[in-house]
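# Analysis of the macromolecular model
What follows is the residue order along each chain.
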Amino acid sequence: MRSAQGRGPTLEEAVDAALIELGESRRDVDVRVVSEGPDETVVEVTVGSPDATPAAAAEGDPAAEQAREMVSDLLTKMGIRAEVAVRSADGPIQLDVTGRDLGLLIGWRGETLRALQAVANMLVGRDLGERRVIVDVERYRQRREHTVREIAYRAARQVKMTGDPITLDAMQPFERRAIHLALEDDAAVLTGSVGEEPNRRVVVSPRSAEG
């Protein structure tokens, strides 16, 4: 397992800097955001992380292994060649799907992935009850969370400059949660959500406008 830190004015540039040092592509790496600020983002990129090893992650948790097998069988029936591994069985069962040319499985802004996760939870729910399953394809969710955090910081800077609230594009629940978490400690802005699914949006407002 090898790691390197990268720095840059944006998340993407920081990741690229670390990948250049490691001599690796974006495939099969883990990205951890060390710090994010208005001028510089620092990340740690790791190659060969063991956290998605099925035997290790599912050890002692038959439900996680059962969920993995169900999703693997589902993908096979869909004609998709991919590997399914358990990233974590602590709380919700988190599954990683890896393979070649899986863009169609993700879909535009993750819509196909969202549908896949809904089907997976329906199948797993028959045997595992309330145990929730989170499906990720090529670490899309992780990468998307990093992207929306960058969107959150840019929106907050704009709100501070203009004093006007900003309504972001419609997002999936995990994306909205990432926005709220990114700005929850910012004393100058507050976040809220408006609208109904699937068009629910996050609004970033000046803190002084509260109430």
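Cut-offs and rules
Residues numbered from 1 in each chain as written. Predicted model: local features only at pLDDT ≥ 70, side-chain atom pairs only at ≥ 80, totals over all residues. Heavy atoms only, no water. pLDDT = per-residue confidence, 0-100. Contact = heavy atoms within 4.5 Å. Pairing = 2+ DSSP bridges. Helix = DSSP H or I, 4+ residues; strand = E, 2+ residues; numbered from the N terminus. Axes fitted to C-alpha atoms, helices over the stretch in contact; angles between N-to-C directions.

On to the confidence of the model for the protein, then. When pLDDT is averaged across the protein, the result is 82; 89% of the residues are at 70 or more. Scored below 50 in pLDDT, residues 49–56 shows 19 contacts in the model against residues more than four places distant or in partner chains.

Attention now moves to the sheet that holds strand 8 (residues 189–194). Overall, antiparallel pairing links the three strands, which are arranged 7-9-8 in an open sheet. Edge positions in the sheet fall to strand 7 (166–167) and strand 8, since each of these pairs with one other strand and no more. Pairing between strand 8 and strand 9 (residues 201–206): six bridges, direction antiparallel. Looking at strand 9, one finds that threonine 191 is bridged to valine 204. Seen against the sheet, helix 6 (residues 140–162) touches strand 7, strand 8 and strand 9 and runs at an angle of roughly 35° to strand 9. Along the sheet, helix 7 (residues 173–183) makes contact with strand 8 and strand 9, crossing strand 8 at roughly 165°.

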